Amino acid sequence: NAGVMQNPRHLVRRRGQEARLRCSPMKGHSHVYWYRQLPEEGLKFMVYLQKENIIDESGMPKERFSAEFPKEGPSILRIQQVVRGDSAAYFCASSLQGRTEAFFGQGTRLTVV
Amino acid sequence: QQQVKQSPQSLIVQKGGISIINCAYENTAFDYFPWYQQFPGKGPALLIAIRPDVSEKKEGRFTISFNKSAKQFSLHIMDSQPGDSATYFCAAAASRGGADGLTFGKGTHLIIQP
């Protein structure tokens, strides 16, 4: 049973470009969470999604960031017009039922140059 | 406002000793308290979790102690080993009502000296 799969593991983007981060939840999991981790910081909640629905996006920046979890395929975290401050590790987690045990992927490390 | 405060920021323990990491929370709606272990370059891995209906939970060398009235919980690692060297995060979530994900502490860098 594969764990939470994130790709790419590392992503380099120039300022102003778009970044797309993908997350495939564990088999059977229908709840996906995205978190951002800055160096020497804990993880910050960004968004909680179920299939085709955004349940809670209270942690998402108001501009440039969006997330989706379509009926088919992985969840996507999209960052438009990236800036240097977007450089961080982005982690996806999934759970079988919302708000219980969440299992994390290996993360995508985004570097904006 | 930081809802989960974790201490210490870093900790050095001799091999075979007991590592203790503490967390305090503010939101009384929290009712699920997991601990995660993270190695450099890896994602956080769920270590152990507790709900407030019990005051202690033990899994192997790892024990969570929970004090509901003080709104505090702690992780104890018995017989600490060099392989336990990692960053540990406490977290909290409200499983009833709101749809928030986990709220994490800032982490503790644990080093076990051989």
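Residue positions are counted from 1 within each chain, in the order its sequence is given. All chains are assigned letters beginning with A, and all ligands numbers beginning with 1, in the order in which they are written. Note on the predicted model: pLDDT of at least 70 is required for a residue's local features to be given, and 80 or more for side-chain atom pairs to be given and counted; whole-chain, interface and lining totals, by contrast, use all residues. Heavy atoms throughout the structure, all of them, feed into the side-chain values; hydrogens and water do not.

Undergrad: Got a minute to help me understand the nonpolar core in this structure?
TA: Burial of nonpolar side chains together is a common tendency in soluble globular proteins. Note on terminology: a nonpolar core comprises buried Ala, Val, Leu, Ile, Met, Phe, Trp, Tyr and Cys residues joined through side-chain atoms within 4.5 Å. Three labels apply to residues, based on accessible area from a 1.4 Å probe with only protein chains included: buried if under 20% of the type maximum, exposed if over 50%, partly exposed otherwise in between. Among the nonpolar cores identified, the biggest contains 25 residues, and Phe33, Trp35, Phe73, Leu75 and Tyr88 of chain B are the most heavily contacted of them. Mapped onto this core, the elements with two or more residues apiece are strand E2 (10–14), strand E3 (19–25), strand E4 (33–38), strand E5 (45–50), strand E7 (62–67), strand E8 (72–77), strand E9 (86–92) and strand E11 (108–113) of chain B. No other element matches the 4 residues that E9 of chain B contributes to this core. With sequence-adjacent residues up to four places away left out, Tyr88 of chain B is seen in contact with Gln6, Ile21, Tyr36, Gln37, Leu47, Leu75, Ile77, Gly107, Thr108 and Leu110 of chain B. Core analysis: the next-biggest nonpolar cluster, separate from the first, contains 23 residues, Val4, Val32, Val82 and Leu110 of chain A among them. Helix numbers and strand numbers start at the N terminus; a helix is a DSSP run of H or I with at least 4 residues, a strand a run of E with at least 2. Residue contacts are counted whenever heavy atoms from the two residues lie within 4.5 Å of one another.

Undergrad: I'm lost on the sheet that holds strand E1 (residues 4–7) of chain B in this one. Help?
TA: Hydrogen bonding along the main chain pairs the strands of a sheet, whether they run parallel or antiparallel. Residue and element names in this part refer to chain B. For two strands to be treated as a pair, DSSP must find at least two bridges joining them. Ordered in space as E1-E3-E8-E7-E6, the 5 strands form an open sheet in which the pairing is antiparallel. The open sheet has two edge strands, E1 and strand E6 (56–59), and neither has a second partner. On average, each strand axis in the sheet is inclined to that of its neighbour by 15 degrees, with strand direction left out of account. Relative to E7, E6 runs antiparallel, the two being bridged by 4 bridges. Bridge pairing links Glu56 to Ser65 in E7. Note on method: axes are straight lines fitted to C-alpha atoms, helices fitted across the in-contact stretch only, with angles between N-to-C directions ranging 0 to 180 degrees.

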